[in-house]
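Listed here are the chains, written in short residue letters.
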Amino acid sequence: MAEFSDAYWILVQSTTLLNIVVQAVAIVLSVVAVRGFRGAPINRVLKPIPVVMTCMLLVNMPWASFFLFSIPYYDVVYTTVFTTGVVAAVIAAFQATMLLTERRHL
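Position labels on residues start from 1 in each chain and follow its written sequence. Only residues with pLDDT of at least 70 are given local features in this predicted model, and only at 80 or more are side-chain atom pairs given and counted; all residues enter the totals for whole chains, interfaces and linings. With hydrogens and water set aside, each side-chain value is computed from the structure's full complement of heavy atoms.

1. Notes on the overall build of the protein
Each helix and strand in the protein was counted, giving four helices and zero strands. Start at the N end of the protein and walk to the C end: the helices and strands fall as α-α-α-α. Put simply, the protein has 106 residues, and 26% of those count as buried. Considering only intrachain contacts with a sequence separation of at least 6, the fraction spanning at least 24 residues in the protein is 69%. For the protein, the accessible area works out to roughly 7,900 Å², and carbon and sulfur atoms hold 73% of it. Labels follow the DSSP assignment, with helices taken as runs of H or I lasting at least four residues and strands as runs of E lasting at least two, numbered in each case from the N terminus. Note on classification: 1.4 Å probe, protein chains only; a residue is buried when its accessible area is under 20% of the maximum for its type, exposed when over 50%, partly exposed between these limits. Any two residues whose heavy atoms approach within 4.5 Å are treated as being in contact. In these tables, accessible area is a Shrake-Rupley quantity obtained with a 1.4 Å probe, and a residue counts as shielded only by the protein chains included in the view.

Here is the structure:
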């Protein structure tokens, strides 16, 4: 098996850190969008987006910590958070489909 150089791991960790920063900004913007479109039909589509972004941020966080800490039951926490994010994304996609097909009330 090939060994990766230290430069590779620095690149991986810095890319992960950049990903976390971008996702943190996206969470703030998605909350602003949800509050800004309150009462509009598109708000149903936007409501799950902060949940999706937060879950994906939490899923990426342990990779950025350089494994300095160990979370008990990491697999259970990871699976729960990731599943919550995916379910929220499916809800947002369903709401978008309902909005685009003009079936706003189910």
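2. A short note on the packing of aromatic side chains
Between rings of Phe, Tyr and Trp, where Trp is taken as its six-membered ring, a pair exists when centres lie within 6.5 Å; planes separated by under 30 degrees are stacked, by over 60 edge-to-face, and by other angles tilted. Under the criterion given, the structure shown has two aromatic pairs. Ring centres of Tyr8 and Trp9 lie 5.0 Å apart, and the angle between their planes is 75°; this geometry places the pair in the edge-to-face category. For Tyr8, a relative accessible area of 35% corresponds to the partly exposed category.

3. Observations concerning a nonpolar patch on the surface
Taken together, the side chains of Leu17, Val21, Val25 and Leu29 define a hydrophobic patch exposed on the protein surface, amounting to about 370 Å² of accessible area. Relative to the helices and strands, Val21 resides in helix H1 (residues 6-36). Distance thresholds for patches are 9 Å for like charges and 5 Å for nonpolar side chains (Val, Leu, Ile, Met, Phe, Trp, Tyr), applied to residues having over 30% relative accessible area and no salt bridge. Salt bridges, as used here, are contacts in which a Lys or Arg side-chain nitrogen is within 4 Å of a carboxyl oxygen on Asp or Glu.

4. A few points about the environment of Val90
Inspection of the secondary structure puts Val90 in helix H4 (residues 74-100). Judged by its relative accessible area of 52%, Val90 falls in the exposed class. Taking C-alpha positions, Val90 is 9.0 Å from Pro48, a pair spaced 42 residues apart along the chain.

5. Structural notes on H4
What a helix is expected to span follows from its residue count: subtract one and scale by 1.5 Å. With 27 residues, H4 should reach 39 Å at 1.5 Å per residue; the first-to-last C-alpha distance of 39 Å fits that figure. Remark: Glu102 follows H4 within two positions and exhibits a positive phi of approximately 60°.

6. What about the side chain of Asn60?
Here Asn60 is to be found in helix H3 (residues 49-64). Counting of polar contacts relies on pairs of N or O atoms within 3.5 Å, with two restrictions inside protein: one atom must be capable of donating a hydrogen and the other of accepting it, and residues adjacent in sequence are counted only when both atoms are side-chain atoms. Among the polar contacts made by the side chain of Asn60, one reaches the side chain of Gln23 at a distance of 3.4 Å. Residues contacting Asn60, with those up to four places away along its chain left out, are Thr16, Asn19, Ile20 and Gln23.

7. Examining H1
In this model, H1 (31 residues) spans 45 Å end to end at C-alpha, consistent with the 45 Å of a helix rising 1.5 Å per residue. All buried positions along H1 are accounted for by Gln13, Thr16, Ile20, Gln23, Ile27, Ser30 and Val34.

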